[in-house]
Amino acid sequence: MRPHRYAVGLPVSYAEDCAPNDVWRSGYKIVDLVSGGNREPQYQIRSADQSYDRVVWESQLQEDPGVGTMRLNGHVIRSPTS
């Protein structure tokens, strides 16, 4: 089992498996560390505008560059409200 790279409380961006072109969605925080068993570590993440948590793989996360931003192919895209 590999150690977790990110800590509880850290703001992160999340890339959905089904999202095309590596679109990163910001505004999530890590709320719990989950064992990935023999695979990579997993995390329970939460967004302020959703009523449920997600469990995601470490490879789907990166430190959040700021609330109101998204990443597309490695480039930061800021929303009009940020």
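This is a predicted model, so every value here is computed, not measured. (Residues numbered from 1 in each chain as written. Predicted model: local features only at pLDDT ≥ 70, side-chain atom pairs only at ≥ 80, totals over all residues. Heavy atoms only, no water.)

*Asks:* Whenever I open this one, the overall build of the chain confuses me. Can you help?
*Replies:* Tallying secondary structure elements over the chain gives zero helices and seven strands in all. Reading the chain from its N terminus to its C terminus gives the helix and strand order β-β-β-β-β-β-β. Here the chain holds 82 residues, and 33% of them are scored as buried. Long-range contacts, defined here as pairs at least 24 residues apart, represent 44% of the contacts in the chain between residues at least 6 apart. (Helix = DSSP H or I, 4+ residues; strand = E, 2+ residues; numbered from the N terminus. Buried < 20%, exposed > 50% of the residue type's maximum accessible area, 1.4 Å probe, protein only. Contact = heavy atoms within 4.5 Å.)

*Asks:* Would you explain the pattern of salt bridges in this entry?
*Replies:* A side chain with one charge may pair with a side chain of the opposite charge, provided their charged atoms come close. Under the counting rule described, the total for this entry stands at two salt bridges. For E58, the salt bridge identified is with R2, shortest N-O distance 3.2 Å. A residue pair is termed long-range when its members are at least 10 positions apart, and E58 in the loop between β4 (53-57) and β5 (61-63) and R2 in the segment before β1 (11-15) qualify at 56 residues. What makes E58 buried here is its relative accessible area of 9%. For R2, a relative accessible area of 46% gives the class partly exposed. (Salt bridge = Lys/Arg side-chain N within 4 Å of Asp/Glu carboxyl O.)

*Asks:* Even after reading the chapter, I still don't get the packing of aromatic side chains, so can you show me in this structure?
*Replies:* Here the distance between the centres and the angle between the planes together describe a pair of aromatic rings. Within this structure, the stated rule accounts for two aromatic pairs. Relative to Y28, the ring of Y14 has its centre 5.5 Å away and its plane inclined at 70 degrees; by these criteria the two rings are edge-to-face. Here Y14, found in strand β1, pairs with Y28, found in strand β2 (residues 23-34); they are 14 residues apart in sequence, far enough to count as distant. In this structure, Y14 and Y28 share a single accessibility class: buried. Positioned over the ring face of W57 is R39, at 4.1 Å from the centre of the ring. (Phe/Tyr/Trp six-rings, centres within 6.5 Å; stacked < 30°, edge-to-face > 60°. Lys NZ or Arg CZ within 6 Å of the ring centre and 35° of its normal.)

*Asks:* What is the right way to look at the nonpolar core in this model?
*Replies:* Where a protein is soluble and globular, its nonpolar side chains tend to be buried together. Counting residues in hydrophobic clusters, the biggest one holds nine residues: Y6, V12, Y14, Y28, I30, Y43, I45, V56 and L61. Among the secondary structure elements, those contributing two or more residues to this core are β1, β2 and β3 (42-47). Apart from the residues within four sequence positions on either side, Y6 is in contact with I30, L33, Y43, E58, L61, Q62 and E63. (Core = buried A, V, L, I, M, F, W, Y, C linked by side-chain atoms within 4.5 Å.)

*Asks:* So what exactly am I meant to see when it comes to the pairing of β3 here?
*Replies:* Side-chain positions along a regular strand alternate between the two faces of the sheet. Pairing analysis gives five bridges linking β3 to β4, with the strands arranged antiparallel. If you follow Q44 over to β4, its bridge partner there is V55. Counted along the chain from β3 to the antiparallel partner β4, the turn is five residues long. (Pairing = 2+ DSSP bridges.)

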